[in-house]
Amino acid sequence: MAFVLKSNITIGPYKDVKVNDVKIKKSMFNYADRAVIKVPISARVRQVDGLISETSTATAALITEGMPVNIELGYNDRLVNEFVGFVARVNLTTPCEIECEGYSYQLRKKRYLKAFKNTTLKELLQYLVNGTDITLSPLIPELKVAKWVMNNQSGTEVLEAIKKELLVAIFFTGNELYAGLQYLQEKATTKYRIGWNVIKDNELKLREAKNQEVIVVIKGERPDGSKVTARMGEKGEIKQITSHAVTDPSALKAIAGSEQRKLSYDGYEGKILTFLQPYCEPGYAALIDDPKYPQRSGKYLVDAVEVSFGMTGGRRSIEIGYKL
């Protein structure tokens, strides 16, 4: 059976856009999904009646910032949605380069001025996404927040502050926003076999917990100056973290445990290069089978994915993290 690469790309009112190249980046460490679409510098537009215009138009004149973008890629007629977002910038290059951003784009354009007391992570995020097309993941934990101030910040500046102060992972799946511990239950499992549907595996590196041992100590500071401490790990280098927003003992313990596991575990880390399908995205589990080196086999959380599509073919680079 022949596998023919196909795409279905929509930019604003323009459907089935023909491209030179597409690159997509998604990560559990970055709330901004990114895509770069390269197209010819001039284009002929297909009219409503199906006819193609006889004259060419500069592509950059047709595309404007804020236009919605949808990218579907795959083989034959099995296309999968790889990216949804908006045009963030059009670069006057050859070929024309269209930079796109996921739904964080809608938060980047808004500013917030509000103070909160005795709130939660979910309430902060709900206030952020009001008036946008963004929905909240049902998996967001009920993390208590003693106080929070949005001081005329953009939505993405607030997300960055939440990520830093509350020590949580923040990322989008389409228009759904998740914030919480990084190592949540995996969304789905994709199977990979080295030498079969994996093109390159030379970036997989062994890491052993005994060489990465760490003790994580998190201190939450209450408004009255008193402190709450959570400690995870038995031996190793001590990593200390202070939070002025989280003071709930159970929340601090959960965050310390997640951070400790992330820094100290047995297994492999690195990347594998695969074909465009099977589909995989951050938050999935990669079930890796390595007949040659069975010790590398296992189930790993997918931290990040990079997709490339163009005249040279389609590839998916998968960065794995914690062994599940």
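As shown above, the structure is provided for reference.
Residues numbered from 1 in each chain as written. Predicted model: local features only at pLDDT ≥ 70, side-chain atom pairs only at ≥ 80, totals over all residues. Heavy atoms only, no water.

Helix and strand counts for the chain come out as 5 helices and 23 strands. The principal-axis extent of the C-alpha atoms belonging to the chain is close to 75 × 55 × 30 Å. Of all 324 residues assigned to the chain, the portion counted as buried reaches 46%. Residue pairs in contact within the chain that sit at least 24 positions apart in sequence constitute 62% of those at least 6 positions apart. As displayed, the chain has an accessible area near 16,800 Å², and 50% of this comes from carbon and sulfur atoms. In the chain, the 46 positive side-chain charges and the 38 negative ones have mean positions that sit 2 Å from each other. (Helix = DSSP H or I, 4+ residues; strand = E, 2+ residues; numbered from the N terminus. Buried < 20%, exposed > 50% of the residue type's maximum accessible area, 1.4 Å probe, protein only. Contact = heavy atoms within 4.5 Å. Areas by Shrake-Rupley, 256 points an atom, 1.4 Å probe, with all protein chains shown as cover. Lys, Arg positive; Asp, Glu negative; His and termini not counted. Charge placed at Lys NZ, Arg CZ, Asp CG, Glu CD.)

For Phe-172, the position within the fold is in strand E12 (residues 169–173). Linking Phe-172 and Thr-135, residues 37 residues apart in sequence, is a C-alpha distance of 9.6 Å. Discounting chain neighbours no more than four positions away, the residues touching Phe-172 are Tyr-31, Asp-33, Tyr-103, Ser-104, Leu-107, Ile-134 and Leu-177.

Now for the nonpolar core. Leu-125, Trp-148, Ile-162, Leu-166 and Leu-177 are the most contacted members of the largest nonpolar core, which totals 43 residues. Examining the composition of this core, we find that 5 residues originate from one element, helix H3 (residues 121–129), more than from any other. For Leu-177, the contacting residues outside a window of four places in its chain are Leu-125, Val-129, Ile-134, Thr-135, Leu-136, Ser-137, Ile-140, Leu-159, Ile-170, Phe-171 and Phe-172. (Core = buried A, V, L, I, M, F, W, Y, C linked by side-chain atoms within 4.5 Å.)

Each regular strand displays side chains that alternate between the two surfaces of the sheet. Most of strand E17 (residues 214–221) sits out of view: 6 of its 8 residues are buried. Bridge count between E17 and strand E19 (residues 237–243): 7 bridges; the pairing is parallel. Residue pairing in the sheet places Val-217 in a bridge with Gln-240 of E19. Bridge count for E17 against strand E18 (residues 227–232) is 6 bridges, and the pairing is antiparallel. Looking at the pairing, Glu-221 lines up with Lys-227 of E18. (Pairing = 2+ DSSP bridges.)

Moving on: unusual backbone geometry. Going from Thr-94 to Pro-95, the amide bond is cis rather than trans, its omega being -5°. Along the chain, Pro-95 falls in the loop between strand E7 (78–91) and strand E8 (96–101). In the Ramachandran plot, Asp-16 falls in the positive-phi region, its phi being about 50° despite a non-glycine side chain. Counting through the fold element by element, Asp-16 comes out in the loop between strand E1 (5–11) and strand E2 (21–27).

In this section: the packing of aromatic side chains. In total, this model carries 7 aromatic pairs according to the counting rule given. Taking 5.0 Å as the distance between ring centres and 75° as the angle between the ring planes, the aromatic pair formed by Phe-86 and Tyr-103 counts as edge-to-face. Of this pair, Phe-86 sits in strand E7 while Tyr-103 sits in the loop between E8 and helix H2 (104–108), placing them 17 residues apart in sequence. When its relative accessible area of 9% is taken as the criterion, Phe-86 is described as buried. Connected via pairs of aromatic rings, a cluster forms that spans Phe-86, Tyr-103 and Tyr-105. The cationic tip of Lys-114 hangs over the ring face of Phe-116; the distance from NZ or CZ to the ring centre is 5.5 Å. (Phe/Tyr/Trp six-rings, centres within 6.5 Å; stacked < 30°, edge-to-face > 60°. Lys NZ or Arg CZ within 6 Å of the ring centre and 35° of its normal.)

This next bit is on the pattern of salt bridges. A full pass over the atoms with the stated rule returns 14 salt bridges. A salt bridge links Arg-89 to Glu-99, with the nearest nitrogen and oxygen atoms 3.9 Å apart. Of this pair, Arg-89 sits in strand E7 while Glu-99 sits in strand E8, placing them 10 residues apart in sequence. With relative accessibility at 25%, the residue Glu-99 sits in the partly exposed group. Ionic contacts of the salt-bridge type, sharing partners, join the residues Arg-34, Glu-101 and Arg-108 into one network. (Salt bridge = Lys/Arg side-chain N within 4 Å of Asp/Glu carboxyl O.)

Gly-155, Thr-156, Val-158, Leu-159 and Ile-162 are the residues of helix H4 (residues 155–165) that are buried. Seen from one end, H4 has its buried residues packed into an arc of 155°, which puts them on one side. Looking one or two places after H4, you find Leu-167, whose phi comes out positive at around 60°. (Arc of directions from axis to C-beta.)

Let us look at the pairing of strand E20 (residues 267–275). In this sheet, E20 lies alongside strand E15 (residues 198–200) in antiparallel orientation, the contact comprising 2 bridges. Residue Val-198 lies in a different strand from E20, and its bridge partner there is Thr-274.

Read across the open sheet, the 3 strands follow the order E10-E13-E12; overall the sheet is mixed. This sheet does not close on itself; its edge strands, each paired only once, are strand E10 (135–136) and E12. Here 2 bridges tie E10 to strand E13 (residues 176–180), and the two strands are oriented parallel to one another. Across the sheet, the residue bridging to Thr-135 is Glu-176, located in E13. Sheet strands in contact with H3 are E10 and E13, and its direction is about 150° off that of E13. (Axes fitted to C-alpha atoms, helices over the stretch in contact; angles between N-to-C directions.)

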